[in-house]
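# Structural characterization, general
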Amino acid sequence: MLRRTHECDRCGADIAPGDEYAAVDGIAPDGEIRVLLCAACAVDFSRFLDGA
Ligand SMILES: [Zn+2]
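As a starting point, this report considers the structure included with it. (Residues numbered from 1 in each chain as written. Predicted model: local features only at pLDDT ≥ 70, side-chain atom pairs only at ≥ 80, totals over all residues.)

### Overview of the overall build of the chain
We apply this condition: Note on conventions: DSSP H or I runs of at least 4 residues are helices, E runs of at least 2 residues are strands, and numbering of each starts at the N terminus. A residue is called partly exposed when the number of other C-beta atoms within 10 Å of its own lies between 12 and 20, exposed at 12 or fewer, and buried at 20 or more, with C-beta atoms placed from the backbone.
For the chain, the helix and strand inventory stands at one helix and four strands. Along the chain, helices (α) and strands (β) appear in the sequence β-β-β-β-α when read from the amino end. Dimensions of the chain along its principal axes, counting C-alpha atoms only, are 30 × 25 × 15 Å. Burial statistics for the chain: of 52 residues in total, 10% are counted as buried.

### Concerning the pairing of strand 4 (residues 31–38)
Basically, it comes down to this: Pairing between strands is defined by DSSP: at least two bridges between the two strands are required.
Of the strand pairs in this sheet, strand 3 (residues 21–28) and strand 4 are connected by eight bridges, and their pairing is antiparallel. Following the sheet pairing, Ala 28 is matched in strand 4 by Gly 31.

### Points about the environment of Asp 30
By secondary structure assignment, the location of Asp 30 is in the loop between strand 3 and strand 4. By the C-beta count within 10 Å, which is 6 here, Asp 30 ends up exposed.

### A few points about the pairing of strand 3
The buried fraction of strand 3 is low, at zero of eight residues. Where strand 3 hands over to strand 4, the hairpin turn is made up of two residues, counted between the paired strands.

### Brief notes about the nonpolar core
For clarity, the threshold we go by: What we call a nonpolar core is a set of buried Ala, Val, Leu, Ile, Met, Phe, Trp, Tyr and Cys residues whose membership is set by joining through C-beta atoms within 7 Å. Throughout, a residue-residue contact means that the two C-beta atoms, derived from backbone geometry, are no farther apart than 7 Å.
Counting residues in hydrophobic clusters, the biggest one holds five residues: Cys 8, Ile 15, Leu 37, Cys 38 and Cys 41. Not counting chain neighbours up to four residues away, the residues in contact with Ile 15 comprise Leu 2, Thr 5, His 6, Glu 7, Cys 8, Tyr 21, Leu 36 and Cys 38.

Spelled out as structure tokens, the structure:
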């Protein structure tokens, strides 16, 4: 649960506490990354992971 409003790392939409969102942890060439995605981008991301 978020304690304050964040921005979606992809589209910049505000993610307010209580909104649905996705937190994605990963490894990038530069090191670890952590991004927050709004619900809409999370759907796109899921499709991307599925290869669609
Ligand atoms: Zn977004």
